[in-house]
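What follows is the residue order along each chain.
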Amino acid sequence: MQIFWTALFHRSLLLGGVWTSLTGAEALALGGLVTALAVWLSLRLLPATHPLVLWRAVRHIPRFIAGSVDGGVDVARRAFSPNMRLRPGWLEVQTDLPDGARVVLGGELSLMPGTLAAGSEDGKLLVHVLDTDAGFDNAIPREAEDIATIIGHKPKARP
């Protein structure tokens, strides 16, 4: 039950913060209603099973932003290069993250330039990449480890 109340509090802070940052101080009454409905819906669609430690998530933000900027510069460089080096392809990334965390990983990868998560199958995340030689096969498992750390998920021992 403690996980539920923690999730309720954290999701309320997160979604309320998003509403306030998008609308400013205007429409706070509507924001309270919308935030309450969004929190309720998020708990129905993705029940809280792992505690989210907010400071771990906040610690991840600078690395995410740096990766986004680095990826954006790389994609822009490739787009303006006369000999565009692209080797598009698919990666299947094995992960033992719980379903909700795997969705978060896919969403984060889709926000990063050069990658697009296209689904999950049998514990594998399917990711389309612009360049199969760009090192995504090493970077994606590191992102999965970061998300596992944020939710306090202990990976299963591999034989």
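Residues numbered from 1 in each chain as written. Predicted model: local features only at pLDDT ≥ 70, side-chain atom pairs only at ≥ 80, totals over all residues. Heavy atoms only, no water.

Enquirer: Honestly, the sheet that holds strand 2 (residues 115–121) in this entry has me stumped. Any pointers?
Expert: Spatially, 3 strands are ordered 1-3-2 in an open sheet, and the strand pairing comes out antiparallel. The open sheet has two free edges, formed respectively by strand 1 (89–94) and strand 2, since each of these has just one partner strand. The mean angle between the axes of side-by-side strands here comes to 25°, regardless of whether they run parallel or antiparallel. By the bridge criterion, 6 bridges tie strand 1 to strand 3 (residues 124–129) in an arrangement that is antiparallel. In the sheet register, L91 faces strand 3, and the bridge partner there is V127. Each of strand 2 and strand 3 is contacted by helix 4 (residues 99–111), which is oriented at about 160° to strand 2, the strand it contacts most. Along the sheet face, helix 5 (residues 136–151) touches strand 1, strand 2 and strand 3 and points at about 35° away from the line of strand 1. (Pairing = 2+ DSSP bridges. Helix = DSSP H or I, 4+ residues; strand = E, 2+ residues; numbered from the N terminus. Axes fitted to C-alpha atoms, helices over the stretch in contact; angles between N-to-C directions. Contact = heavy atoms within 4.5 Å.)

Enquirer: Mind showing me how you'd approach the nonpolar core here?
Expert: Within soluble globular proteins, side chains that are nonpolar generally end up buried alongside one another. Counting 15 residues, the largest nonpolar core has L91, L97, L105, L109, L125, V127 and I140 as the members making the most contacts within it. Contributions of two or more residues to this core are made by strand 1, helix 4, strand 3 and helix 5. No other element matches the 6 residues that helix 5 contributes to this core. Every residue in contact with L125, bar those within four places of it in the chain, is listed here: L91, E92, V93, R102, L105, G106, L109, G119 and S120. (Core = buried A, V, L, I, M, F, W, Y, C linked by side-chain atoms within 4.5 Å. Buried < 20%, exposed > 50% of the residue type's maximum accessible area, 1.4 Å probe, protein only.)

Enquirer: Is there a simple way to think about the layout of surface pockets in this case?
Expert: The gaps of empty space that remain are located by a probe, the size of a water molecule, rolled over the atoms. A volume near 450 Å³ is recorded for the second largest pocket. Taken together, 21 residues make up the lining of the second largest pocket; nearest its centre are G67, D70, G71, F136 and A139. Of all the elements in the fold, those that place two or more residues in the lining of the second largest pocket are helix 3 (54–80) and helix 5. It is helix 3 that provides the largest number of residues to the lining of the second largest pocket, a total of 7 residues. Here the lining of the second largest pocket is built from residues that sort into 9 nonpolar, 5 polar and 7 charged. (1 Å grid on protein atoms, 1.4 Å probe; cavity = no way out; pocket = protein on both sides within 12 Å on 5 of 7 lines; lining within 4 Å. Points joined across faces, edges and corners; volume = space filled by probe spheres on them. Nonpolar A, V, L, I, M, F, W, Y, C, P; charged D, E, K, R; others polar.)

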